[in-house]
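Per-entry structural report
What follows is the residue order along each chain.
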Amino acid sequence: MQIPEFELYTPGAEEGWQKTRSEVLFANPHVGVEKAYFTTPNRKSEVPWMVVKRKAAVAIAPVLEDGRFVLVHQERLPVMQTLWEFPAGQIDSAVTRESIIHTIQNELREECGCALHPDLGTLQPLGWYFPSQGFTDEIVYLFTAKPVCVVSRPEPDGSEHISDVRFVSAGELRGMIAANAITNALTLALYARIAAQGLP
């Protein structure tokens, strides 16, 4: 498929910010903890901060040909709940437009058994957001994928469990958000961006 044009986030691009030094306190393939020191546009003396390092990720709002959104019911161990979410996943290589698109395609198939329609399907970039900017550098790129087709059962990797896939109208999705049935940041952020841009 053709790779859409979209901006990539560049850490430290805003003038006046600098990480002066850092020390890795813990690291594994999924998460790291770093004690870092910063100078900022308003603070010229070093400011210490504990930063949780995470890979960049994608979150995708899949939309069927009839306009319904695809949600997955995924177990989330840290909060001990199964949550309704849009599909999402970490980018396991250098962050490029190509690796982002590759991750989106993989997550659609793995988490909800969907693929872009072979003739009509497009990915629309909707920017990025920081899911918890007070303690982690994680960034999530937001997209819609439409239309998608159901091509298989979900095939989550060994660390994940998806118990259900649900197709909901825009009105049903708004109702779930209003009723606090959707409580995860990535789905709320992605829907906010969709609504702000006037998309269905």
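Description of the structure in this document. Remember, it's a predicted structure, so these values are computed and weren't measured experimentally.

Further remarks concern the packing of aromatic side chains. For any pair of aromatic rings, geometry is given as the distance between the ring centres together with the angle between the planes. For the structure shown, the criterion picks out five aromatic pairs. A ring pair is formed by Tyr9 and Phe130, whose centres lie 5.3 Å apart and whose planes are at 75°; its orientation type is edge-to-face. Taken as a pair, Tyr9 in the segment before β1 (18-27) and Phe130 in the loop between β9 (122-129) and β10 (140-150) lie far apart in primary sequence, 121 residues in all. Of the residues examined, Tyr9 reaches a relative accessible area of 28% and is grouped as partly exposed. Residues Trp128 and Tyr141 carry aromatic rings whose centres are separated by 6.0 Å and whose planes lie at 70° to one another, so their mutual orientation is edge-to-face. Taken together, the residues span a long stretch of sequence, with Trp128 in strand β9 and Tyr141 in strand β10 at a distance of 13 residues. Cluster of aromatic residues (ring-pair linked, three or more members): Tyr9, Trp128, Phe130 and Tyr141. The ring of Tyr37 carries Arg21 above its face, with NZ or CZ at 3.8 Å from the centroid. Between the NZ or CZ atom of Arg166 and the centre of the ring of Trp84, over which it lies, the distance is 5.5 Å.

Once that is clear, we can look at the layout of surface pockets. One number sums up the size of the largest pocket: a volume of about 1,400 Å³. Per element, the largest residue contribution to the lining of the largest pocket is six residues, and it comes from helix α1 (residues 97-112). Residues of the lining of the largest pocket, tallied by class, amount to 15 nonpolar, 14 polar and 12 charged. Taken as a whole, the second largest pocket holds about 1,000 Å³ of empty space. Taken together, 29 residues form the lining of the second largest pocket, with Tyr9, Gly12, Trp17, Phe38 and Asp137 sitting closest to its centre. Those elements giving two or more residues to the lining of the second largest pocket turn out to be β1, β2 (32-39) and β3 (47-53). Element by element, the count of residues in the lining of the second largest pocket is highest for β3, at four residues. Taken together, the residues that form the lining of the second largest pocket break down as 14 nonpolar, seven polar and eight charged.

Strand pairing in a sheet takes place through backbone hydrogen bonds and is either antiparallel or parallel in direction. An order of β1-β2-β3 is seen for the three strands of this open sheet, with the pairing classed as antiparallel. Lying at the two open borders of the sheet, with one neighbouring strand each, are β1 and β3. When strand polarity is set aside, the average angle formed by the axes of neighbouring strands in this sheet is 25°. In the sheet, β2 pairs with β3 via seven bridges, with the strands oriented antiparallel. Bridged to Val33 within β3 is Val52.

Cut-offs and rules
Residues numbered from 1 in each chain as written. Predicted model: local features only at pLDDT ≥ 70, side-chain atom pairs only at ≥ 80, totals over all residues. Heavy atoms only, no water. Phe/Tyr/Trp six-rings, centres within 6.5 Å; stacked < 30°, edge-to-face > 60°. Helix = DSSP H or I, 4+ residues; strand = E, 2+ residues; numbered from the N terminus. Buried < 20%, exposed > 50% of the residue type's maximum accessible area, 1.4 Å probe, protein only. Lys NZ or Arg CZ within 6 Å of the ring centre and 35° of its normal. 1 Å grid on protein atoms, 1.4 Å probe; cavity = no way out; pocket = protein on both sides within 12 Å on 5 of 7 lines; lining within 4 Å. Points joined across faces, edges and corners; volume = space filled by probe spheres on them. Nonpolar A, V, L, I, M, F, W, Y, C, P; charged D, E, K, R; others polar. Pairing = 2+ DSSP bridges. Axes fitted to C-alpha atoms, helices over the stretch in contact; angles between N-to-C directions.

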